[in-house]
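One letter stands for each residue in the lines below.
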Amino acid sequence: MSSRVEQAPLRLRVRLARDRLLVGLCVVALALAIIPLIWVLWEVVAVGTSHLSVEFFTTLPEPPTRGGGGWAHAMVGSAVVVGIAVAMGIPVGVGTGIYMSEYGNNPLGRTTRFLCEVMAGLPSIVAGIVAYGLIVVTMGRFSAFAGGVALAVLFVPIVAITTQEALQMIPRHQREASLALGVAEAPTTLRVILPAAMGNVLTGIMIATARVAGETAPLLFTAFNSRYWMEGIDQPTATIPVNIYAYAISPFEHWHAQAWAGALVLVAAVLLLNVAARTLWARRARFMAGG
Amino acid sequence: MAEKMSTRGLRVSFGKTEAVKGVDMEIQAGAVTAIIGPSGCGKTTYLRSLNRMHDYTRIAKVTGEVFLGDRNIYDENLSPVELRTRVGMVFQRPNPFPTMSIRDNITFAPKRHGLARGRELEEIVERTLVQSALWDEVKDRLDDPATGLSGGQQQRLCIARALAVRPEVLLMDEPASALDPSATQRIEDLIYELKKDYTIAIVTHNMQQAARVSDYTAFFYMGNLVEFGKTDTLFTNPKEEQTEAYITGRFG
Amino acid sequence: MGTAPTPPQRPPLQPRTGRERWADEFRRRWFRYATGVLAALVVATALAILWELWDGSGPAWSEWGLSFVWRTEWNPVTGQFGALPFVVGTLLTSAMALAIALPVSLGIAILLTEYAPRRLKDPLIFVVELLAAVPSVVFGLWGIFVLAPLVQRHVIPFLAATPLGLLPIFGEPGSGYTLLTASLILAIMIIPIIASLSREVLMAVPRDQKEGALALGCTRWESMRYVVLSYGRAGIFSAAVLGLGRALGETMATTMTIGNRLGLTFDYFEAGNSMTAIIANELREAASEIHVASLVAIGLILFVLSFVLNTLGRLIIMRVHTRDT
């Protein structure tokens, strides 16, 4: 600060102007993030709805020259592939989270925690490469199962970490209340600790589900694609994200339009899951604070 | 007058720090024994070793002997589960199971241990709530969440929950320190009632409370049992200088 | 004391037989072992990832050794492969994305911690996080049909007309599928993570430090500049590192906008390629063993890069946390 008081007014004006400039720049920054979001959502909704029809949900694709046709097979495929990932991922993810939180003060626990952090940052395509090498090459064909495994690899660390964090928020004296009654570890965790943390665990599961439901890269060479109804989880299958990609880079206008419609379905599902997860969490937080 | 529990050369250490440094002490049956001392003197650590709560702290190491009757509870041939049904514990902060109703809080442990079914469970609920002087306040809302109760009621529910597995001894770790004065008063009244049927050991930082509720008092300092005696004797005529310094408020 | 009522007597504790003891211990602890097995499964998965990347890329390493990383040729017909063009493409796009996203994210973080009214704060945080929830392939779709034409018709001509156009990183304008387009999409996609991590950093600055500066007559800008940013420098650096790690591994949006041109380029106005894009484009059709191995080898390089960045970022965060407590 200047010791020459007579200069202060001018300097102060400069400083205050700079302060306002900072606010202005920050608002611009926020706009730079929000504008693309709104733009993307707007395009998806505007272009997507104009090509959405009942047929899109109920029929199989037609050859591009014919027009019409739908993505019913891809919707079923996405549900199955994500279902496989979630079915395998919930027990492993929640169980790992429980281990890390409750019994993880040992080398296995520390290693697992570190690896979960690493795997949460794993480029999703790497999960695809691994499932390709271990499952597709071994089985000799692309399959919904391989896609599910690739997604599970991405799903588990997110769920494990959120479960661990949720359980750690439950105070230690809750565990002791049960243990001091001579109750074993399993019922203590499953009936006392886990129910108390359930809101946050579910939020983690839903956010992880939304994340893997939108993944494309790991499915490109695992679940692959198909123009027909899925014939089994050991067969290649279409999924919404891969179809969006395939249709978007195709040369057919009609397919581009369908890619937007598919994007609308995908975005709606993913955002719905996210919003539901967050409101669930918020409700829970209010309930806890009020109770 | 017989002793219900006793410790011989009990030491508890956490890693390199020893929190209890070889304590020999008796807890008399059908009486209240207060354990007092400044923070960090090992009183809570001592209490928790009486129902093997340190089993769940990885770095904790307990040596020496703790007898319940004539059995050393750290003997590996004895079941820690059965021990904990005989030696119950009430904690500093009321900790009812937050997702359970009042009723489920009480029946949770008896169900797990297979102690009772159906009507017997209902009887346990009523008996323990009556014993903990909570019955009249909650009998019409047994299925409400336990977290809806006031702090004092929650603590009495925790006492009822501990009584549900028919313990012989109740360990209380500063059970009233998180409560307001009137709730504290009710807990103290309750302790007075309960000692007719149970042996009670209570850790407290409040000397007036120790003087009011206990028959015997143990003064701990730096992990050692400095003095043990009848409460009125210890407070009016302490033998050790450290005891006198503490109860007259010169340190701690 | 003779009148003291007798407490309820239970029969004395009975010793267990060895078998009962074993059963007791099992009942008490089986859950720990069961969840431990699941945790071990996660460790096994991580090992499987490493093994598969290493084993699958073996032929490429034994053919060219480490020089695979800086070889520039990529020709499935002659069986000559090298990673450099893809590594360069990934680094260029990620670096540009970070250069754009970091100041924007910091601005958002500052706005949300220091200036935003309480009522607006949570909704704004929610909106920024929503950006992270939009699937990559949807950004790619938008990139193809909205951003790429925009870049071709407006952004590149504009940049080329300004003095910036003289920079050696910008060459002759061409199509809309360029390194620049991919960089812009990546920037949008990594804003949420950098913003939310920096917000945590800014919130962790002790209130008394900020208020101390304000009480000295500092404006918010000054308190931000001298106190908050210097206090949170390490944390913001780690946010940038983690954002970079995210950008490296991003696949679909990059693949759909980068142009997928083979060959080394340093020109942001030109079509290029990235590590993720080449894998996405070629792995399922790769016929020869050496082609597959080369793609997996690029996957391994990608994994190592993202592992190093993520670990570095986490380590810094951990250091900051331990310093604070």
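Just so it is clear, the structure is predicted and the values come from calculations on it, not from any experiment. Each chain has its residues counted from 1, running along the sequence as written. Starting at A for chains and at 1 for ligands, labels are handed out in the order in which the entities are written. Residues qualify for local features only when their pLDDT is at least 70, as the model is predicted, and side-chain atom pairs are given and counted only at 80 or more; totals for whole chains, interfaces and linings, by contrast, use all residues. Only hydrogens and water are removed before side-chain values are computed, so all heavy atoms of the structure are retained for them.

A. Structural detail: the overall build of chain C. Numbering of helices and strands runs from the N terminus; a helix is a DSSP stretch of H or I covering at least four residues, while a strand is a stretch of E covering at least two. For chain C, the count of helices and strands is eleven helices and two strands. Listing the helices and strands of chain C from first to last along the sequence gives α-β-β-α-α-α-α-α-α-α-α-α-α. On C-alpha atoms alone, chain C measures out to a radius of gyration of 28 Å, which is more than a quarter above the 20 Å that the 2.2 N^0.38 rule sets for 325 residues. Structurally, chain C occupies a C-alpha span of about 105 × 65 × 35 Å along its principal axes. Throughout, exposure labels follow a simple rule: accessible area from a 1.4 Å probe, protein chains only, divided by the maximum for the residue type, with under 20% read as buried, over 50% as exposed, and the rest as partly exposed. Evaluated residue by residue, chain C yields a buried proportion of 53% over its 325 residues. Any pair of residues with heavy atoms lying within 4.5 Å of one another is described as a contacting pair. Put simply, of all contacts in chain C between residues at least 6 apart along the chain, 74% involve residues at least 24 apart. In this description, accessible areas are obtained by the Shrake-Rupley approach with a 1.4 Å probe, and a residue is regarded as covered only by the protein chains that are shown. When the accessible area of chain C is evaluated, it comes to approximately 14,900 Å², of which 64% is carbon and sulfur surface. Positive charges come from Lys and Arg alone, negative charges from Asp and Glu alone, with His and the N- and C-terminal ends not counted. Note that the charge is assigned to NZ on lysines, CZ on arginines, CG on aspartates and CD on glutamates. One finds the centroid of the 25 positive side-chain charges in chain C at a distance of 14 Å from the centroid of its 22 negative side-chain charges. Throughout, radius of gyration means the C-alpha value; the globule benchmark is 2.2 Å times the number of residues raised to the power 0.38.

B. Main features of helix H5 (residues 179–204) of chain C. Residues and elements named next belong to chain C. For H5, which comprises 26 residues, the first-to-last C-alpha distance of 36 Å matches the rise-based estimate of 38 Å (1.5 Å per residue) to within 8%. At Ile190, H5 shows its strongest bend, of approximately 40°, with the proline Pro192 following within four residues. With 21 of its 26 residues buried, H5 lies for the most part within the structure. As used in this structure description, the phrase polar contact means that two N or O atoms lie within 3.5 Å; if the pair is within protein, one of them must be able to donate a hydrogen and the other to accept it, and residues adjacent in sequence are counted only when both atoms belong to side chains. Near the N-terminus of H5, the side chain that reaches the backbone nitrogen of Leu180, with its oxygen 3.2 Å away, is that of Thr178. Here a helix's expected span is defined as the number of its residues, less one, multiplied by 1.5 Å. Here the bend at each residue means the angle between axes fitted to two seven-residue stretches, the one ending at that residue and the one beginning there.

C. Structural context of the sheet that holds strand E5 (residues 71–72) of chain B. Residues and elements named next belong to chain B. When DSSP locates at least two bridges between a pair of strands, those strands are taken to pair. The strand order E2-E1-E4-E5 describes an open sheet built from four strands, whose pairing is antiparallel. Sheet topology places strand E2 (17–28) and E5 at the edges, where each strand pairs with a single neighbour. As defined by bridge partners, strand E4 (residues 60–68) adjoins E5 across two bridges and the pair is classed as antiparallel. Bridge pairing links Phe67 to Asn72 in E5.

D. A look at the pairing of strand E7 (residues 169–173) of chain B. All names here are of chain B. Counting buried positions over the five residues of E7 gives five, a clear majority of the element. Burial along E7 is two-sided: the residues Val169, Leu171 and Asp173 and Leu170 and Met172 are all buried. The pairing of E7 with strand E8 (residues 199–203) spans five bridges and is classified as parallel. For Leu171, the partnering residue across the bridge sits in E8 and is Ala201. When the strands point away from the viewer and the connection leading from the first strand across the helix to the second strand turns clockwise, the crossover is called right-handed. This β-α-β element, E7 to helix H7 (residues 181–194) to E8, shows right-handed connectivity.

E. Here's a closer look at the sheet that holds strand E3 (residues 32–36) of chain B. Residues and elements named next belong to chain B. Pairing is mixed in the open sheet, where six strands are placed in the order E6-E7-E8-E3-E9-E10. Edge positions in the sheet fall to strand E6 (87–90) and strand E10 (224–230), since each has one partner strand and no second. The average angle at which neighbouring strand axes cross in this sheet is 15°, direction not considered. Alignment of E6 against E7, held across four bridges, turns out to be parallel. In the sheet register, Gly88 faces E7, and the bridge partner there is Leu170. Think of each axis as a best-fit line through the C-alpha atoms, taken over the contacting stretch in the case of a helix, with angles from 0 to 180 degrees between the N-to-C directions. Against the sheet, helix H6 (residues 151–163) contacts E6 and E7, and its axis sits at roughly 170° relative to E6. Set on the sheet, H7 makes contact with E3, E7 and E8; between it and E8 the angle comes to about 150°.

F. Inspection of the confidence of the model for chain C at higher detail. All names here are of chain C. Across chain C, the average pLDDT comes to 87, with 96% of residues at or above 70. Confidence scores here are pLDDT values: one per residue, from the predictor, ranging 0 to 100. When mean pLDDT is compared element by element in chain C, helix H10 (residues 275–282) scores highest at 95, while helix H7 (residues 220–231) scores lowest at 75. Taken as a whole, residues 1–7 scores under 50 in pLDDT and shows nine contacts with residues more than four places along the chain or in a different chain.

G. Structural context of the packing of aromatic side chains. Between rings of Phe, Tyr and Trp, where Trp is taken as its six-membered ring, a pair exists when centres lie within 6.5 Å; planes separated by under 30 degrees are stacked, by over 60 edge-to-face, and by other angles tilted. Inspection of every chain in the model, using the stated rule, returns 25 aromatic pairs over all chains. Ring centres of Trp71(A) and Tyr247(A) lie 4.9 Å apart, and the angle between their planes is 75°; this geometry places the pair in the edge-to-face category. Of this pair, Trp71(A) sits in the loop between helix H2 (54–58) and helix H3 (72–103) while Tyr247(A) is found in helix H9 (residues 240–248), placing the two residues 176 residues apart along the sequence. One exposure class covers both Trp71(A) and Tyr247(A), and it is buried. The interplanar angle of 70° and the centroid separation of 5.0 Å between the aromatic rings of Phe97(B) and Phe108(B) together place this pair among those described as edge-to-face. Of this pair, Phe97(B) sits in the loop between E6 and helix H3 (102–113) while Phe108(B) sits in helix H3; the two residues are eleven residues apart in sequence, bridging distant segments of the chain. By relative accessible area, Phe108(B) is classed as buried at 4%. Taken together, Phe56(A), Phe57(A), Trp71(A), Tyr247(A), Phe252(A) and Trp255(A) form an aromatic cluster joined through their ring pairs. Geometrically, a charge over a ring is one whose NZ (Lys) or CZ (Arg) sits within 6 Å of the ring centre while staying within 35 degrees of the ring normal. Taking NZ or CZ as reference, Arg161(B) lies 4.4 Å from the ring centre of Phe97(B), over its face.

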